[in-house]
Structures are given as C-alpha cells and as structure tokens.
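Close look at the chain arrangement
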Amino acid sequence: METIKIKYFSDKIEKLRYIDGKSDWIDLRAAADIELKAGEFKLIPLGVAMELPKGYEAHVVPRSSTFKNFGIIQTNSMGVIDETYCGDNDQWFMPALAVRDTKICVNDRICQFRIMAHQPAITFEDVEKLEGCDRGGFGSTGKN
C-alpha cells in the first residue's frame, strides 16, 4: 500500500477517503463557495495538494452527478496531475464551464480522482497489415 502526503488548504472540506467502499475512486470537494453564470469559466479550488509517488499520476474527472446537480462541465474532460505538481502551493483545481447559472458550496462533491501508474515506455512499429479482426472501421458497430 502506498502512502501519499496530503496538504489541506481548508478545514471546511471533509478529509479524502474512498467512496463508501463502492469504488477505488476518491471524491474531491469544492473548497470555496462558487457562483457561475451560464457561459462563465472558473477554476474551482479543491482544497488539496499532494506528493504523489514517483511514476504515478492522478486522473481527475467529474462525478456522474456533477452536470445534473451543478450544470458544469470539466473543460479539459479529464485532468492529469503528475508527480511533479507536488509543491506546498500546488493546490488542485477543477476547470469548470457553466451551462446554466449555478452555485457550488464549500464541501460539495464535484469531481473524483484515482492514482494510476504512468504508461510504460513503448515504441511503434510500422506495418502494412494488422493481424487483429476487422470490425468495420467505425466504433464498435462498424456503422457510419
């Protein structure tokens, strides 16, 4: 089991923990009250900074209820925070775009993360033919 050093920027958010034994994802919470108008962009502070182990990164994504509850989308679709973002002032943020007027309160669960090992080193080999089955060239159905 890895140990990760964490710094909290707010005593108003709950401490990080796994999502009620249902998942290996961990919820992140808003560390400030945020009001957004439709079409407005803001970086939402998540109130934490971490020292990730060497060779690891965090994948940060919205919760499944984030859009329904708050009308925001994460502008980078998925955030990747690598182990070099580990300083005392390297607070994590969620870049959010509002599609409707909304208010997010301190401690609201707005996104989630998991820690992943870096992709191993790979090389590419040019070939004229691939040996896998041909599925039709478009998505899983092969239909345009």
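The rules behind each value
- Counting starts from 1 at the beginning of each chain's written sequence and moves along it residue by residue.
- The predicted origin of the model limits local features to residues at a pLDDT of at least 70 and limits the giving and counting of side-chain atom pairs to 80 or more, whereas totals for whole chains, interfaces and linings rest on all residues.
- Side-chain numbers here rest on the full set of heavy atoms in the structure, without hydrogens or water.
- Two strands pair if DSSP finds at least two bridges between them.
- Here a helix means four or more residues in a row that DSSP labels H or I, a strand means two or more in a row labelled E, and each is numbered from the N terminus.
- Comment: axis = line fitted to C-alpha atoms, over the contacting stretch for helices; angle = value between 0 and 180 degrees taken between N-to-C directions.

1. Some thoughts on the sheet that holds strand 8 (residues 79–82)
Sheet strands line up and pair through hydrogen bonds in the backbone, either parallel or antiparallel. The four strands lie next to each other as 2-11-6-8, forming an open sheet whose pairing is antiparallel. Where the open sheet ends on each side, the last strands, each with one partner, are strand 2 (26–29) and strand 8. Geometrically, the sheet is characterised by an average inter-axis angle of 30 degrees between neighbouring strands, direction not taken into account. Pairing of strand 6 (residues 56–62) with strand 11 (residues 109–117), which is carried by seven bridges, proceeds in the antiparallel orientation.

2. Concerning the sheet that holds strand 4 (residues 41–45)
Spatial ordering of the open sheet is given by 4-9-7, a layout of three strands whose pairing is antiparallel. The open sheet is flanked by strand 4 and strand 7 (72–74), the only strands paired with a single partner. Averaged over all pairs of adjacent strands, the angle between their axes in this sheet comes to 40 degrees, without regard to strand direction. Strand direction decides the pairing type here: strand 7 and strand 9 (residues 93–98), joined by three bridges, are antiparallel. Residue pairing for strand 9: isoleucine 73 is matched across the bridge by leucine 97.

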